Amino acid sequence: MTLDEILKEMKNADTVLILSHESPDGDAIGSSLGMCLALKNMGKDVVDVVMKEYPANFSYLPGAEDIKAEPSIENYDLAIVVDCPDINRVNLDYKEYFENAKVKVEFDHHSKNSMFGDYNIVNHVSPACSQILVSSFEYLGIEITKEIGICLLTGIITDTGGFKNSGTTTESFEFAAWALSKGINVSKIYKESMLTMTKSKFEVQKLAMDRLELLADGKISFTYMTKEDDKKIGVLAGDHDGVVEIGRNIEGVEVSIFLYEKEKGYKASLRSNDYVNVADVCMLFGGGGHIKAAGVSLNMTLEEAKKAIIEETIKYLK
Ligand code: 5GP
Ligand code: MN
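All figures in this text were calculated on a predicted structure; none of them were measured in a lab.

**Digging into the overall build of the protein**
A count of helices and strands for the protein gives 12 helices and 11 strands. For the protein, whose C-alpha radius of gyration is 19 Å, the value lies close to the compact-globule estimate of 20 Å for 318 residues. In terms of principal-axis extent, the alpha carbons of the protein reach across some 55 × 40 × 35 Å. Going through the 318 residues of the protein one by one, you find that 53% of them count as buried. Within the protein, counting contacts between residues at least 6 apart in sequence, those at least 24 apart form 65% of the total. Carbon and sulfur atoms form 50% of the exposed surface of the protein, whose accessible area is close to 14,400 Å². The average position of the 34 basic charges and that of the 50 acidic charges among the side chains of the protein differ by 3 Å.

**Section: the coordination of the manganese ion (ligand 2)**
Taken together, D27 (OD), D83 (OD), H109 (NE2) and D159 (OD) make up the full set of protein donors to the manganese ion (ligand 2), lying 2.1 to 2.3 Å away. Overall, the relative accessible area of 1% leaves D83 in the buried class.

**Details of the nonpolar core**
Residues M35, L61, I80, F107 and F137 are the most contacted members of the largest nonpolar core, which totals 53 residues. Of all hydrophobic cores here, the second largest spans 21 residues; its members include L259, Y266, V278 and V296.

**A word on the site of ligand 1**
Lining the immediate surroundings of ligand 1 are 14 residues, of which R89, H110, K267, S269 and R271 lie closest. H290 has a polar side-chain atom sitting 3.0 Å from an oxygen atom of ligand 1. G295 places a polar main-chain atom, nitrogen or oxygen, 3.3 Å from an oxygen atom of ligand 1. Within the complex, the protein chains bury 78% of what would otherwise be the 500 Å² of accessible surface of ligand 1. Every element with two or more residues in the shell around ligand 1 is listed here: β9 (266–272), β10 (288–289) and β11 (293–298).

**Description of the side chain of D48**
Along the chain, D48 turns up in strand β2 (residues 46–49). Its relative accessible area of 3% is what places D48 among the buried residues.

**Describing the packing of aromatic side chains**
Tallied over the entire structure, the rule returns five aromatic pairs. Their ring planes at 65 degrees and their centres at 5.6 Å tell us that F98 and F116 sit as a pair that is edge-to-face. Of this pair, F98 sits in helix α3 (residues 95–100) while F116 is found in the loop between β4 (103–108) and β5 (119–122), placing the two residues 18 residues apart along the sequence. F116 matches F98 in its accessibility class, with the two residues each being buried. Taking 5.1 Å as the distance between ring centres and 15 degrees as the angle between the ring planes, the aromatic pair formed by F175 and W178 counts as stacked. Here F175 pairs with W178, and both are found in helix α6 (residues 170–181), just three residues apart, close to one helical turn. With a relative accessible area of 25%, W178 lands in the partly exposed category. Here the basic side chain of K318 rests over the ring of Y275, its NZ or CZ set 4.4 Å away from the ring centre.

**Observations regarding the environment of I189**
Here I189 shows up in helix α7 (residues 186–195). The exposure class assigned to I189 is buried, which follows from its relative accessible area of 5%. If we skip the residues at most four places from it in the chain, I189 touches Y60, I150, L153, T154, I157, I184 and M194.

Here is what the cut-offs are and how they apply
Residues numbered from 1 in each chain as written. Chains lettered and ligands numbered in written order. Predicted model: local features only at pLDDT ≥ 70, side-chain atom pairs only at ≥ 80, totals over all residues. Heavy atoms only, no water. Helix = DSSP H or I, 4+ residues; strand = E, 2+ residues; numbered from the N terminus. Rg over C-alpha atoms; globule rule 2.2 N^0.38 Å. Buried < 20%, exposed > 50% of the residue type's maximum accessible area, 1.4 Å probe, protein only. Contact = heavy atoms within 4.5 Å. Areas by Shrake-Rupley, 256 points an atom, 1.4 Å probe, with all protein chains shown as cover. Lys, Arg positive; Asp, Glu negative; His and termini not counted. Charge placed at Lys NZ, Arg CZ, Asp CG, Glu CD. Donors = N, O, S within 2.8 Å, 3.2 Å for Na, K, Ca; no water. Core = buried A, V, L, I, M, F, W, Y, C linked by side-chain atoms within 4.5 Å. Near = heavy atom within 4 Å. Polar contact = N/O pair within 3.5 Å; in protein donor to acceptor, adjacent residues only side chain to side chain. Phe/Tyr/Trp six-rings, centres within 6.5 Å; stacked < 30°, edge-to-face > 60°. Lys NZ or Arg CZ within 6 Å of the ring centre and 35° of its normal.

In structure tokens form, the structure reads like this:
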């Protein structure tokens, strides 16, 4: 089976590069560091987790201090991409290092995946990439140490929205139970990964709430942030995460939309509660994601982006 072949490649490699999607979240970082620790425990010479920046509240993760902004060598024996459905969603500065690696592997759980590795472990119904790593490590007999457990539990907690999203499975709870039995401080991980926020993130949330509008008979919530707002507040990596959840939690809302300005145009972040497939909405504009959590980059002005995404979303409402 593919997993056995991946294990062979992991054992054969001396140098490994680990990448994930841009603007990494808890699952991207947890999966990356969990994989990194597993490889380090195999005695590899070089295991580099490379990402430009990550939210400061994840700095408790074992190995976070070794995350690099640039790869340390040119040609890796093995490149592993986690929690990323397409190689173009990694930071493009790193793409050539992936292409240059002798062997390319991906682990992912997104609904639309381009199967870009030599080996692809993709499970669309898994609620977190970290959960795929748990079952893969268990199958392969790779020991899940306490440190690895902290990383993978962080990925499961964050991508299941703290075990509340409908995709949460029995395995998610079983892994949390296992972690607790091993003495892992589950409540501390929950608090740090889900609740603790930078002061600037709090300011972002305040402003986004203040601007939030209810549209389409209260079935759509909409809010936004501009680069100007970001500058005024002094936003840090990850400060926009979670804003879209605010609108989703309002009674009667089916789809929550959050637009925030990027270098070029706006990023749309969508969440649904019950029946709208927001991945389908985002795919209309070239984006994607999961049924109830999706996103897309829109090369438009705020007004254009707002009009376009709301017009399409309305078509999916009952
Ligand atoms: P978020 O709203 O948290 O940025 O993203 C929600 C989900 O949608 C994530 O699973 C993410 O990978 C996916 N997603 C966000 N932006 C894009 C995008 O531009 N393209 C694609 N294909 N997926 C995206
Ligand atoms: Mn994920």
